[in-house]
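Notes for the structure review
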Amino acid sequence: MELTTTDIGNDITKISLAGRLDIDGALKIDGPFMDMVKAKKFVAVDLSAVSFLASLGMRTLVSGAKASWANSGKLVLLKPQENVEKVLRAAAIDTIIPIVRDMSEAERVFGL
Amino acid sequence: MATEQRVHSEWRRDFSGAMTAVSGAVGWVESIASDLHLPDGQSYAMQVCLEELMANVAMHGRSPAAPSAEVEQTDPLKVSVSVNVSSDRIILTVEDNGRPFDISTARPRGVEAGLDSIRPGGLGIGVIRSFADNLKYSRTETGNRVTAEFLR
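Criteria and cut-off values
Residues numbered from 1 in each chain as written. Chains lettered and ligands numbered in written order. Predicted model: local features only at pLDDT ≥ 70, side-chain atom pairs only at ≥ 80, totals over all residues. Helix = DSSP H or I, 4+ residues; strand = E, 2+ residues; numbered from the N terminus. Rg over C-alpha atoms; globule rule 2.2 N^0.38 Å. Buried ≥ 20, exposed ≤ 12 C-beta atoms within 10 Å, placed from the backbone. Contact = placed C-beta atoms within 7 Å. Pairing = 2+ DSSP bridges. Axes fitted to C-alpha atoms, helices over the stretch in contact; angles between N-to-C directions. Arc of directions from axis to C-beta. Left-handed = near helix turned anticlockwise from the far one by under 90°. Right-handed = clockwise from strand over helix to strand, strands pointing away.

**Looking at the overall build of chain A**
In terms of helices and strands, chain A carries 4 helices and 5 strands. Counting from the amino terminus, chain A carries its helices and strands in the arrangement β-β-α-β-α-β-α-β-α. In summary, chain A has a C-alpha radius of gyration of 12 Å against a globular reference of 13 Å for 112 residues, a match within 12%. Burial status across chain A gives 46% buried among its 112 residues. A fraction of 70% describes how many contacts in chain A between residues 6 or more apart in sequence connect residues 24 or more apart.

Here is the structure:
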């Protein structure tokens with residue numbers, strides 16, 4: 001599981017995840033992911049290179065979204081692959097964390 | 001001369017019930033799916049269901065009140081996984097020796113009340129029900145048996 005960040009201006013940071021966000025992947029990125037989310041106002045988590053997601057990975061995403069809210073920020077999930085999106089919808093995560101297709105949609109969610 | 005057609009195959013392997021064993025078990029199922037050239041969606045469904053079922057055993061298989069070190073020495077938490085493949089379905093069976101938990105009737109943790117009120121974790125029940133075509137539970141002499149069926 002790899003994690004990279006890109007500051008794209010306008011208070012928006014893109015956190016790109018790559019690999020399997022399973023138990024091992026979630027344990028690996030939990031700390032740095034939470035540190036980055038807490039430090040930024042608007043966060044788009046790019047899931048396009050995440051090939052697998054299970055509930056411990058969702059726990060990481062939900063914890064990040066809660067931390068972002070607590071910080072008066074917002075977090076969205078960007079471009080999940082089909083099976084990953086199915087997992088998100090099966091757990092109804094999409095009802096509490098917006099799923100967006102591109103950065104312009106993310107900016108609308110952020111109210112920019 | 002008649003050609004024998006293999007229409008039924010079964011794999012079985014035992015794992016520790018610890019969280020650290022989950023990735024190895026999921027990788028094993030992924031390799032079976034790959035050997036059988038199963039479609040990606042079917043392989044994914046098997047993997048995600050196994051991950052959720054084994055994570056559930058690791059997190060809830062023992063009573064929180066149990067003296068864990070002592071119990072783990074005399075009766076360690078164990079998981080047995082079998083994959084049964086026939087022409088029209090794949091059956092994934094997960095057996096454990098943990099405390100009773102009927103996942104087929106357990107309520108998925110709701111997120112209806114919004115982000116602020118949900119607790120992270122425990123989201124796997126809805127995922128299993130979404131990816132498996134059928135889900136059955138039975139209590140065994142030593143623990144639990146969950147059968148997830150995937151139609152081909």
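**Re the overall build of chain B**
Looking only at helices and strands, chain B features 4 helices and 5 strands. For chain B, the residues scored as buried account for 34% of the 152 residues in total. Partitioning the contacts of chain B with sequence separation of at least 6, the portion at a separation of at least 24 is 67%.

**Remarks on the environment of B:Tyr44**
Relative to the helices and strands, B:Tyr44 is located in helix 2 (residues 40–60). When the C-alpha atoms of B:Tyr44 and B:Ile128 are compared, they prove to be 11 Å apart, with 84 residues separating the residues in sequence.

**Here's the deal with the interface of chain B and chain A**
Contact residues are listed per partner, giving 23 residues for chain B and 23 residues for chain A. Going through the elements one at a time, helix 1 (22–35), helix 2 and helix 4 (124–131) of chain B are the ones with two or more residues in the side of chain B that touches chain A. With 7 residues, the top contributor of residues to the side of chain B that touches chain A is helix 2 of chain B.

**Here we look at the sheet that holds strand 1 (residues 8–16) of chain B**
Residue and element names in this part refer to chain B. Strands sit in the order 1-2-3-5-4 across an open sheet of 5 strands; the sheet is antiparallel. Only two strands of the sheet have a single partner each, and these edge strands are strand 1 and strand 4 (134–139). When strand polarity is set aside, the average angle formed by the axes of neighbouring strands in this sheet is 15°. Judged from the 9 bridges that link them, strand 1 and strand 2 (residues 78–86) form a sheet pairing that is antiparallel.

**Some remarks on helix 3 (residues 82–90) of chain A**
All buried positions along helix 3 of chain A are accounted for by A:Asn83, A:Val84, A:Val87, A:Leu88 and A:Ala90. Around the axis of helix 3 of chain A, the buried residues are gathered within 165° of arc, so they sit on the same side. Check the buried side of helix 3 of chain A and you find it contacts strand 3 (42–53), strand 4 (74–78) and strand 5 (99–100) of chain A together with helix 2 and helix 4 of chain B.

**Points about the sheet that holds strand 1 (residues 2–7) of chain A**
All names here are of chain A. If you trace the 5 strands from one edge of the open sheet to the other, you get 1-2-3-4-5, paired in mixed fashion. Only two strands of the sheet have a single partner each, and these edge strands are strand 1 and strand 5. Pairing of strand 3 with strand 4, which is carried by 5 bridges, proceeds in the parallel orientation. Paired with Phe 42 across the strands is Lys 74, a residue of strand 4.

**With respect to the environment of B:Arg13**
All names here are of chain B. With respect to the secondary-structure elements, Arg 13 resides in strand 1. Counting along the chain gives 69 residues from Arg 13 to Ser 82, while the straight-line C-alpha distance between them is 6.4 Å. If we ignore the near neighbours within four places in the chain, the residues touching Arg 13 are Trp 28 and Val 81.

**Structural notes on the packing of helix 2 of chain B against helix 4 of chain B**
Residues and elements named next belong to chain B. Contact pair helix 2 / helix 4: the axes reach a minimum separation of 9 Å and the direction vectors enclose 150°. Every pair of crossing elements has a handedness; the one defined by helix 2 and helix 4 is left-handed. In this structure, helix 2 contributes Ala 45, Val 48, Cys 49, Glu 52, Leu 53, Ala 55 and Asn 56 to the contact, and helix 4 contributes Gly 124, Val 127, Ile 128 and Phe 131.

**Here we look at unusual backbone geometry**
Residue and element names in this part refer to chain A. At Asn 10, a position not held by glycine, the phi torsion is positive, near 60°. Checked against the element boundaries, Asn 10 lands in the loop between strand 1 and strand 2 (12–21). At Ser 72, a residue that is not glycine, the phi angle is positive and equals roughly 60°. For Ser 72, the location among the structural elements is in the loop between helix 2 (55–70) and strand 4. C-beta crowding within 10 Å serves as the criterion here: with 7 such atoms nearby, Ser 72 is assigned to the exposed category.

**Overview of the pairing of strand 2 of chain A**
Residue and element names in this part refer to chain A. Here 6 bridges tie strand 1 to strand 2, and the two strands are oriented antiparallel to one another. The residue of strand 2 that forms the bridge with Thr 4 is Ser 16. Hairpin connection of strand 1 to strand 2: 4 residues between the antiparallel strands, including Gly 9 at a positive phi of 80°. Bridge analysis of strand 2 against strand 3 gives 9 bridges, and the strand direction is parallel. Paired with Ala 18 across the bridge in strand 3 is Ala 49. With respect to chirality, the unit in which strand 2 leads through helix 1 (residues 23–39) into the neighbouring parallel strand 3 is right-handed.

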